[in-house]
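Listed below are the residues making up each chain.
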Amino acid sequence: MNNFLKKMVDQGFMTEGQGNYIEESIMRKDCLIISGHRGWGILPLMAAAGAVAKGSFKIKQVKGFEDLKEETDYFLIADLADIDYAKLIADAITAPNSSFIGLKDPDHPYSILKMLGDVYKANGPTAKIFQVLECAKINDEKKLSKITQITMNENGKLAKVDFKE
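Residues numbered from 1 in each chain as written. Predicted model: local features only at pLDDT ≥ 70, side-chain atom pairs only at ≥ 80, totals over all residues. Heavy atoms only, no water.

### Considerations on the state of the cysteines
By definition, a disulfide links two cysteine residues through a covalent bond between their sulfur atoms. Applying the stated criterion across every chain, the model contains zero disulfides. Free cysteine: C31, not disulfide-bonded; nearest cysteine sulfur from C135 at 17 Å. What makes C135 buried here is its relative accessible area of 5%. (Disulfide = S-S within 2.5 Å. Buried < 20%, exposed > 50% of the residue type's maximum accessible area, 1.4 Å probe, protein only.)

Written out as structure tokens, the structure reads:
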């Protein structure tokens, strides 16, 4: 397992199974959406996932819409202010031959399911696989509480599968 993810396992933020699953997802070039509040570990998880991606792929730190026009394996869409974050994520979904790692928090709210429906209506189905990593505070400890994989079939129907250890 990548050292950045292993550190989070050792700290008790996630299980070893979750760490391995996240690493495998990144190696398959799945899109990662890290969800939760800031004090729940979303930024350290994003940094760890970005480091894993950077170790094997070409990445691009996104600061605006123009960056999505570049060719890269992964877009890193971190905490950006004064931008339509939901549109930025939607545009990253439709960017060809690339994946992204992004946030979903109170400062950047959007519905991934609605967004995928809108993308389907505008562009047809996407073959990209999305991993929604939900962080929470459980008994005052930051934890990766749930991982849900979302895929879309050729008719635009979404399938959600929760990761089970």
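### Observations concerning the confidence of the model for the protein chain
Looking at the protein chain as a whole, the pLDDT averages 93, with 100% of positions reaching at least 70. Within the protein chain, the lowest mean pLDDT, 90, falls on helix α5 (residues 112-123), and the highest, 97, falls on helix α2 (residues 16-27). (pLDDT = per-residue confidence, 0-100. Helix = DSSP H or I, 4+ residues; strand = E, 2+ residues; numbered from the N terminus.)

### Examining unusual backbone geometry
Even without being glycine, K29 reaches a positive phi, approximately 65°. By the secondary structure assignment, K29 is in the loop between α2 and β1 (31-35). Taking relative accessible area as the criterion, K29 reaches 26% and is therefore assigned partly exposed. The backbone of D140 shows a phi angle near 70°, a positive value even though the residue is not glycine. With respect to the element layout, D140 can be found in the loop between β5 (130-138) and β6 (141-152).

### Observations regarding α5
Its twelve residues place the ends of α5 16 Å apart at the C-alpha level, agreeing with the 16 Å of an ideal helix rising 1.5 Å per residue. Turning to α5, its buried residues number three or more, namely I112, M115, L116 and V119. For α5, the arc enclosing every buried residue in end-on projection is 100°, short of the 170-degree limit, so these residues lie on one face. Relative to its buried face, α5 has exposed residues pointing more than 90 degrees away, namely K114 and K121. Buried residues along α5 sit against β1, α4 (85-94), β5, β6 and β7 (158-162). Once α5 ends, the next one or two residues include G124, with phi positive near 85°. (Expected span 1.5 Å × (residues − 1). Arc of directions from axis to C-beta. Contact = heavy atoms within 4.5 Å.)

### Quick word on the sheet that holds strand β3 (residues 74-77)
In space, the seven strands of this open sheet follow the order β2-β3-β4-β1-β5-β6-β7, with mixed pairing throughout. Both edges of this open sheet fall to β2 (59-61) and β7, since each of them pairs with a single strand only. Within this sheet the neighbouring strands show an average axis-to-axis angle of 20°, counted without direction. In the packing of α4 onto the sheet, contacts are made with β3, β4 (99-104) and β5, and the angle to β4 comes to roughly 160°. (Pairing = 2+ DSSP bridges. Axes fitted to C-alpha atoms, helices over the stretch in contact; angles between N-to-C directions.)

### With respect to the environment of T126
By the element assignment, T126 lies in the loop between α5 and β5. The class of T126 is buried, set by a relative accessible area of 9%. The sequence separation of T126 and I93 amounts to 33 residues, and the corresponding C-alpha distance is 8.0 Å. Within the local environment of T126, its side chain forms a polar contact with the backbone nitrogen of K128, the two atoms lying 3.2 Å apart. (Polar contact = N/O pair within 3.5 Å; in protein donor to acceptor, adjacent residues only side chain to side chain.)

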